Amino acid sequence: MPSLTIRNIDEALKRQLRLRAAHHGHSVEEEIRQMLRSMAAANPADGPSHSAGPTARSPSPAATSRSATATSPSSGKQVLLIIGGGIAAYKSLDLIRRLRERGFAVRCILTAAAQHFVTPFSVGALCGQRAFTDLFDPMSEFDVGHIRLARDSDIVIVAPATADLMAKMAHGLADDLASAVLLATDKPILLAPAMNRFMWEHRATRHNFAQLMADGVSVVGPNEGEMAESGEHGIGRMAEPLEIVAAMESAFARNAATGPLAGKRIIVTSGPTHEPIDPVRFIANRSSGKQGHAIAEAAAAAGADVILVSGPVHLPDPPGVKTTKIETAREMLTAVEAALPADAAIFAAAVGDWRTADTARQKIKKIAGGTPQLALVENPDVLASVARAKSKRPKLVVGFAAETEHVVENAQKKLASKGCDWIMANDVSSESGVMGGDQNAVHLVSHSGVESWPPQSKDEVARHLIARIAAALAGEK
Ligand code: CTP
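Predicted, not measured: the structure shown is a model, and the values here were computed from it. (Residues numbered from 1 in each chain as written. Predicted model: local features only at pLDDT ≥ 70, side-chain atom pairs only at ≥ 80, totals over all residues.)

Asks: If you had to explain the overall build of the protein chain to someone new, which residues and values would you point to?
Replies: Tallying secondary structure elements over the protein chain gives 17 helices and 21 strands in all. Burial status across the protein chain gives 39% buried among its 477 residues. Restricting the contact set of the protein chain to residue pairs at least 6 apart, pairs at least 24 apart contribute 68%. (Helix = DSSP H or I, 4+ residues; strand = E, 2+ residues; numbered from the N terminus. Buried ≥ 20, exposed ≤ 12 C-beta atoms within 10 Å, placed from the backbone. Contact = placed C-beta atoms within 7 Å.)

Put into structure tokens, the structure is as follows:
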């Protein structure tokens, strides 16, 4: 889609726009974007509007921020920006602003050379969180660590990408935080090269650039124009921040179109259920939803169309995923059935096995000398209902088995009793620390055997499971 540029706006209109933007604490560009979004939200039937004129109605700041959240495709996506050491680093400050205006969360790493041009302080202030500079900083290793910096982002942007950084990437060097993260990441990488034209044209840089292209790295720029060195002109200027944002959005779109699960629809259940006893009490369990949410996020990152059906959790909705929130097992079944058909369904939720036969309409009061007797009835088994469905059964149905003893044996029994294709069995005894923790040790139990995976983070389990599902759906089952 072509970008939109509006020229020849008269001074009075410009002034009005500036005042509105200042009133809402936005840039003028963001103000116009929000006005267009609220126009589109108010007249959805119009489809994409052909009129870019400002509306006479003035939406409240609350209304504009609501519509921004509802319509922004970027909401929740995490960008890792690596700032290299070049004069173009000053443009990276504007890039941070442009990304944050669009709803991206931005983390930054500055190389040692970058800190001669911009400071961690100004970068941190614009990101809204500390900037990272040192591979051997015990605080940041304890806090996030370079492996998590590498993995927890949806994309890594290197801007400016200097000749030195590109050379390190092409040869797999990792002697500082930026290069170590670039070597450790499994996320798409977008480079915005910037350097003197002689450096850009040098045989070594040409060779490194060709290697990076062959490795699947995306590039925006460099552009032609004035160089920082007085009187020099040529190719080597870093792309403008808005060009970088546009290139990043197309890199996301490319991944959605070419990822290993592109074109596949995946349903994931996650979290606990709450089964009401009365208006203030419920039966629940200790599930945090971390594993199910990580699976939904990994499936979306692999290009799938993901529907996450989640019980009550304290986690943000994963980026790029359609999340349906439910409370009870019966609501979960209804939401899952409504989401069918799908290519695969992964049941990571800890569904309550029972609910009370009747939910009291009023709060149950204490009675002197007596305790209430709760009659329980069994909940529907969401996994078994889908796995045994006569129509619309997904090609691959994966269950989880939360066990406190005889983990593999119990999982094998569940594989048979539920009618699913795989069971991810995990030990949820209190000693394992799995319930609510970040680590998981699982066994993939299928009709062809048992595979025990080494202990790893729930994010890693999610990525491995998604890679296996992609291979199975591609026929390598
Ligand atoms: N499950 C489900 N609906 C239920 C109960 C469980 O969809 N009402 C799914 C879970 O999401 C999980 C699998 O079934 O994928 C196994 O759940 P688990 O709690 O381990 O087993 P249960 O079937 O509840 O059996 P038990 O409590 O006896 O171990």
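Asks: So what's going on with the environment of Ala350? Residues and values would help.
Replies: Looking at the element boundaries, Ala350 is found in the loop between strand S13 (344-347) and strand S14 (354-356). C-beta crowding within 10 Å serves as the criterion here: with 24 such atoms nearby, Ala350 is assigned to the buried category. Between the C-alpha atom of Ala350 and that of Ala284, which follows or precedes it by 66 residues, the distance is 9.2 Å. Every residue in contact with Ala350, bar those within four places of it in the chain, is listed here: Pro272, Asn285, Ser287 and Ala402.

Asks: So what's going on with the sheet that holds strand S1 (residues 78-83)? Residues and values would help.
Replies: Reading across the sheet, the 5 strands line up as S2-S1-S3-S4-S5 and stay open at both edges, with parallel pairing between neighbours. In this open sheet, the two edge strands, each paired with only one partner strand, are strand S2 (105-110) and strand S5 (218-219). The pairing of strand S4 (residues 189-193) with S5 spans 2 bridges and is classified as parallel. Pairing of Leu190 across the sheet is with Ser218, part of S5. Contacts from helix H12 (residues 241-258) reach strand S3 (155-161), S4 and S5 within the one sheet, and its direction differs from that of S3 by about 150°. (Pairing = 2+ DSSP bridges. Axes fitted to C-alpha atoms, helices over the stretch in contact; angles between N-to-C directions.)

Asks: Pulling in residues and values, what's your account of the sheet that holds strand S11 (residues 305-310)?
Replies: Read from one edge to the other, the open sheet built from 8 strands follows the order S12-S11-S8-S13-S16-S17-S19-S20, with strand pairing classed as mixed. Two strands bound the open sheet, and with one partner strand each, they are strand S12 (322-325) and strand S20 (449-452). Strand-to-strand twist in this sheet, taken as the mean axis angle between neighbours without regard to direction, amounts to 15°. Bridge count for strand S8 (residues 265-270) against S11 is 6 bridges, and the pairing is parallel.

Asks: Which residues make up unusual backbone geometry, and what are the values?
Replies: Between Ala159 and Pro160 the backbone carries a cis peptide bond, its omega angle lying at -5°. With respect to the helices and strands, the residue Pro160 is situated in strand S3. For the bond running from Leu340 to Pro341, omega is 5°, close enough to zero to count as cis. Checked against the element boundaries, Pro341 lands in the loop between helix H14 (329-339) and S13. Despite not being glycine, Lys392 has its phi angle at roughly 60°, a positive value.

Asks: So what's going on with the packing of helix H8 (residues 163-171) against helix H11 (residues 203-214)? Residues and values would help.
Replies: Where H8 contacts H11, the two axes come as close as 9 Å, and the packing angle between them is 50°. Regarding the angle of H8 to H11, the classification is oblique. Two packed elements cross with a definite hand, and for H8 against H11 that hand is left-handed. Here Ala163, Met166, Ala167, Met169 and Ala170 of H8 come into contact with H11, specifically with Ala204, Thr205, Asn208, Phe209, Gln211 and Leu212. (Parallel < 35°, antiparallel > 145°, perpendicular 65-115°, else oblique. Left-handed = near helix turned anticlockwise from the far one by under 90°.)

Asks: Hey, could you go over the pairing of strand S19 (residues 442-446) for me, with residue numbers and the actual values?
Replies: As paired elements, strand S17 (residues 422-427) and S19 share 5 bridges and run antiparallel to each other. Looking across to S19, one finds that Asn426 is bridged to Val442. Two strands pair when backbone bridges link them, and S19 and S20 are joined in this way by 4 bridges, in the antiparallel orientation. Among the inter-strand pairings, Leu444 is bridged to a residue of S20, identified as Glu451. Here S19 hands over to S20 after 2 residues, the two strands then running antiparallel side by side.

Asks: Requested: an account of the site of the ligand, with residues and values cited.
Replies: The local shell around the ligand holds 16 residues, among which Phe347, Val351, Val382, Leu383 and Gly399 are the closest. Within the residue set of the shell around the ligand, elements represented by two or more residues are helix H15 (382-387) and strand S16 (396-403). Residue composition of the shell around the ligand, by class: 10 nonpolar, 3 polar and 3 charged. (Near = placed C-beta within 6 Å. Nonpolar A, V, L, I, M, F, W, Y, C, P; charged D, E, K, R; others polar.)

Asks: I'd like a rundown of the packing of helix H4 (residues 89-101) against helix H5 (residues 120-127), residues and numbers included.
Replies: Running from N to C, H4 and H5 point in directions that differ by 15°, and their axes come no closer than 9 Å. Judged by the inter-axis angle, H4 sits roughly parallel to H5. For the pair H4 and H5, the sense of crossing is right-handed. Within the contact between the two elements, H4 uses Leu93, Ile96 and Arg97 and H5 uses Ser122, Val123, Leu126 and Cys127. The residue inventory of the contact of H4 with H5, partitioned by class, reads 5 nonpolar, 1 polar and 1 charged.

Asks: Summarise the nonpolar core; cite the residues concerned and give the values.
Replies: One finds Ile266, Val268, Ile295, Ala299, Val306, Ile423 and Ile466 to be the most contacted residues of the largest nonpolar core, which totals 61 residues. By size, the runner-up hydrophobic cluster in this structure holds 55 residues, among which are Leu149, Ala192, Met195 and Met238. (Core = buried A, V, L, I, M, F, W, Y, C linked by C-beta atoms within 7 Å.)

Asks: Please provide a residue-by-residue account of the confidence of the model for the protein chain, values included.
Replies: On average, residues of the protein chain score 86 in pLDDT, and 86% of them are at 70 or above. Considering only residues more than four positions removed or in separate chains, one finds that residues 45-73, a stretch of pLDDT under 50, has 25 contacts. (pLDDT = per-residue confidence, 0-100.)

Asks: Just give me the short version of H5, but keep the residues and values in it.
Replies: What H5 keeps buried is the set Val123, Leu126 and Cys127. Down the axis of H5, the buried set is contained in an arc of 100°. They therefore lie on one face. Its buried side turned inward, H5 meets S1, H4 and S2. (Arc of directions from axis to C-beta.)

Asks: Describe the environment of Val123, naming the residues involved and giving the relevant values.
Replies: Turning to its location among the elements, Val123 is positioned in helix H5. By C-beta crowding, Val123 is classed as buried, having 27 other C-beta atoms within 10 Å. Val123 sits 15 residues away from Cys108 along the chain, and the two C-alpha atoms are 7.3 Å apart. In this view, Val123 contacts Ile83, Leu93, Ile96, Cys108, Leu110, Val118 and Ala131; residues no more than four positions away in its chain are not counted.

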